[in-house]
Amino acid sequence: MSLSQAARDRIANDFIPRYPSKRAALMPSLWLAQEEAGWLGPEVFEEVGELLDLHPTDVASVASFYVMFHRRKIGDRLIEVCENPSCFLNGSDQTYDRICDRLGLEAGHGGHGMQTTPDGKFSVRPTECLAACDYAPVVQVDLRFYGPVHEADVDAFLADMEAFSIQGKPSVSMANGPQAVPVDGWEAHAPPAPGSAA
């Protein structure tokens, strides 16, 4: 796996001039490389390092810090189950185990290890907070949020994920609170009207 000439040109001509230093172009360069190949391997670390005047170890250290970068091939769909307090207290560990069981993978938590089904269709792993605590336990599939997905919901979720999508649903905590306004796909509290009580 190596970068295409189009990706190399984009890094050199679009990303590098946009930032005050070549190193600052590292994150978008890694995103582009992953978008192209689906994951990041040693060859990519060398090539990106060469373009940005960085040692491949520096490139690999950044890629290994962020869970959004995949350092090995992943399945066609990546299922991530939040394991932080709100989700954990609402049974995310049971949700994770049930998803693994239904996909024929070994259940249990071993840090942020990822498992992939033999047919390569799904990769599953626990992940850090997905910032959608209102829908705990939350599951992210290919950067889209779904929830709540309890253990008892897993079969229905795997059969029809969109039925659990939280995109476009009002935030539970704001349902009876301040008016919500969309901000680039997220919701934020609208400021109080002038002269009204806050």
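Residues numbered from 1 in each chain as written. Predicted model: local features only at pLDDT ≥ 70, side-chain atom pairs only at ≥ 80, totals over all residues. Heavy atoms only, no water.

Points about the confidence of the model for the protein
Worth spelling out the cut-off: Confidence scores per residue from the predictor, reported as pLDDT, run from 0 to 100. Only DSSP runs of H or I covering at least 4 residues are called helices, and only runs of E covering at least 2 are called strands; the numbering of each starts at the N terminus. Residue contacts are defined here by distance: any two heavy atoms, one from each residue, within 4.5 Å place the two residues in contact.
Chain-level statistics for the protein give a pLDDT mean of 84 and a share of 81% at 70 or above. Model confidence for the protein, summarised as mean pLDDT per element, is weakest for strand E6 (residues 180-183) at 42 and strongest for helix H7 (residues 154-159) at 96. Within the model, the stretch residues 173-194 combines pLDDT values under 50 with 23 contacts to residues more than four positions away or in other chains.

Focus: helix H3 (residues 42-52)
Filter applied, for reference: Three exposure classes are used, based on accessible area relative to the maximum for each residue type with a 1.4 Å probe and protein chains only: buried under 20%, partly exposed in between, and exposed over 50%.
For H3, the complete set of buried residues consists of Val44, Phe45, Glu47, Val48, Gly49, Leu51 and Leu52. Looking at the buried residues of H3, the elements they touch are helix H1 (5-18), helix H2 (26-37) and helix H4 (56-65). Positive backbone phi, approximately 55°, marks aspartate 53, located one or two places after H3.

Things to note about the pattern of salt bridges
Filter applied, for reference: A side-chain nitrogen of Lys or Arg and a carboxyl oxygen of Asp or Glu constitute a salt bridge if their distance falls within 4 Å.
Summed over all chains, the structure comprises ten salt bridges. Its salt-bridge partner being arginine 10, residue aspartate 14 comes within 3.8 Å of it at the nearest N-O pair. A residue pair is termed a helical-turn pair when its members lie 3 or 4 positions apart in one helix, as aspartate 14 and arginine 10 do in helix H1 at four residues. Note on arginine 10: relative accessible area 38%, which makes it partly exposed. The closest approach of N and O atoms between lysine 22 and aspartate 53, which form a salt bridge, is 2.9 Å. Residue lysine 22 is found in the loop between H1 and H2, and its partner aspartate 53 is found in the loop between H3 and H4; the two are separated by 31 residues along the sequence. Looking at lysine 22, the relative accessible area reads 33%, which means it is partly exposed. The exposure class assigned to aspartate 53 is exposed, which follows from its relative accessible area of 58%. Three or more residues are tied together by salt bridges with common partners; here these are Arg8, Glu47 and Glu50.

Thoughts on the sheet that holds strand E2 (residues 115-116)
What holds strands together in a sheet is hydrogen bonding between their backbones, with the strands either parallel or antiparallel. Note the cut-off: For two strands to count as paired, DSSP must find a minimum of two bridges between them.
Taking strand neighbours across the sheet as the criterion, the five strands line up as E2-E3-E1-E4-E5 in an open arrangement whose pairing is mixed. Of all the strands in the sheet, the pair left with one neighbour each is E2 and strand E5 (144-146). Sheet topology note: the strand E1 (residues 77-82)/strand E4 (residues 139-141) ladder contains three bridges and is antiparallel. Counted as the bridge partner of glutamate 80 is glutamine 140 from E4.

Focus on the packing of H3 against H4
Helix-helix packing is characterised by the crossing angle of the two axes and by the distance between the axes. Put simply, the rule reads: For helices, the fitted line uses only the C-alpha atoms of the stretch in contact; every axis is such a line through C-alpha atoms, and the angle between N-to-C directions lies from 0 to 180 degrees. The sense of a crossing depends on the near helix, which, turned anticlockwise from the far helix by less than a right angle, makes the crossing left-handed and, turned clockwise, makes it right-handed. Charged means Asp, Glu, Lys or Arg here, nonpolar means Ala, Val, Leu, Ile, Met, Phe, Trp, Tyr, Cys or Pro, and polar covers whatever is left, Gly included.
The geometry of H3 relative to H4 is characterised by a closest axis approach of 8 Å and an angle of 115° between their N-to-C directions. Two packed elements cross with a definite hand, and for H3 against H4 that hand is right-handed. Across from Phe45, Glu46, Val48 and Gly49 in H3, the residues of H4 making contact are Pro56, Val59, Ala60 and Ala63. Residues of the contact of H3 with H4, tallied by class, amount to six nonpolar, one polar and one charged.

A short note on H2
What counts is decided by this rule: To estimate how far a helix should reach, multiply one less than its number of residues by 1.5 Å.
Over its twelve residues, H2 extends 16 Å from the first C-alpha to the last, a length consistent with the 16 Å expected when each residue adds 1.5 Å. Within H2 the residues assigned to the buried category are Leu26, Pro28, Ser29, Leu30, Leu32, Ala33 and Gln34. At its buried positions, H2 is contacted by H1, H3 and H4. Just beyond H2, the residue with positive phi is glycine 38, at close to 90°.

Some points on the nonpolar core
Short version of the rule: Put simply, buried Ala, Val, Leu, Ile, Met, Phe, Trp, Tyr and Cys residues joined by side-chain atoms within 4.5 Å make one nonpolar core.
Grouped together as the largest cluster of nonpolar side chains are 21 residues, with contacts concentrated most on Ile11, Leu26, Leu30, Leu40 and Leu52. Top element by residues in this core is H3. It accounts for five residues. Setting aside its immediate chain neighbours within four residues, leucine 26 contacts Val48, Leu52, Leu54, Val59 and Val62.

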